[in-house]
Amino acid sequence: MRVYRVRDKYSLIKVLDPYSIMTLLALRDAQRANAGDINRYCFKYGSPQPRTTTRKLADFKKYGLVEEEVVQKGGFIVEKIYRLSEKGKKLADVIAELLGEE
């Protein structure tokens, strides 16, 4: 794991890498989805492993880029549904515009 020495105020910078960008754009496309569906949406941009997508979603949640909703599916089955927060939407829109993905 890489260690980035970034001041707390700018710590979001260390999250951004190609897999993060793929995940943000996939969430932008999906609007609301579980981690597996988001990973499938990522294949439009690249080929991340499911674990990578899950880690990126956890990082995004930590920095307020995504909102997580826990849905009870019955019994002990729980599904986590993700969607971009306002902050995440702004970032994804800027990245999409830069890449010509409007």
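Now for a look at the structure at hand. As the structure is a computational prediction, the values presented were derived from the model and not from experiment. (Residues numbered from 1 in each chain as written. Predicted model: local features only at pLDDT ≥ 70, side-chain atom pairs only at ≥ 80, totals over all residues. Heavy atoms only, no water.)

1. Considering the environment of E86
As for its position among the elements, E86 is in helix α4 (residues 86-99). Look at E86 and you get exposed, because its relative accessible area is 53%. Spatially, the C-alpha atom of E86 lies 8.4 Å from that of V66, the residues being 20 residues apart in sequence. (Helix = DSSP H or I, 4+ residues; strand = E, 2+ residues; numbered from the N terminus. Buried < 20%, exposed > 50% of the residue type's maximum accessible area, 1.4 Å probe, protein only.)

2. With respect to the packing of helix α1 (residues 18-30) against helix α3 (residues 50-62)
Two elements in contact, α1 and α3, have axes whose closest approach is 10 Å; the angle formed by their N-to-C orientations is 80°. Considering their axes alone, α1 and α3 lie roughly perpendicular with respect to each other. Residues Y19, S20, T23, L24 and L27 of α1 lie in contact with α3, whose contacting residues are T52, T53, K56, L57 and F60. Class assignment of the residues belonging to the contact of α1 with α3 gives a composition of 5 nonpolar, 4 polar and 1 charged. (Axes fitted to C-alpha atoms, helices over the stretch in contact; angles between N-to-C directions. Parallel < 35°, antiparallel > 145°, perpendicular 65-115°, else oblique. Contact = heavy atoms within 4.5 Å. Nonpolar A, V, L, I, M, F, W, Y, C, P; charged D, E, K, R; others polar.)

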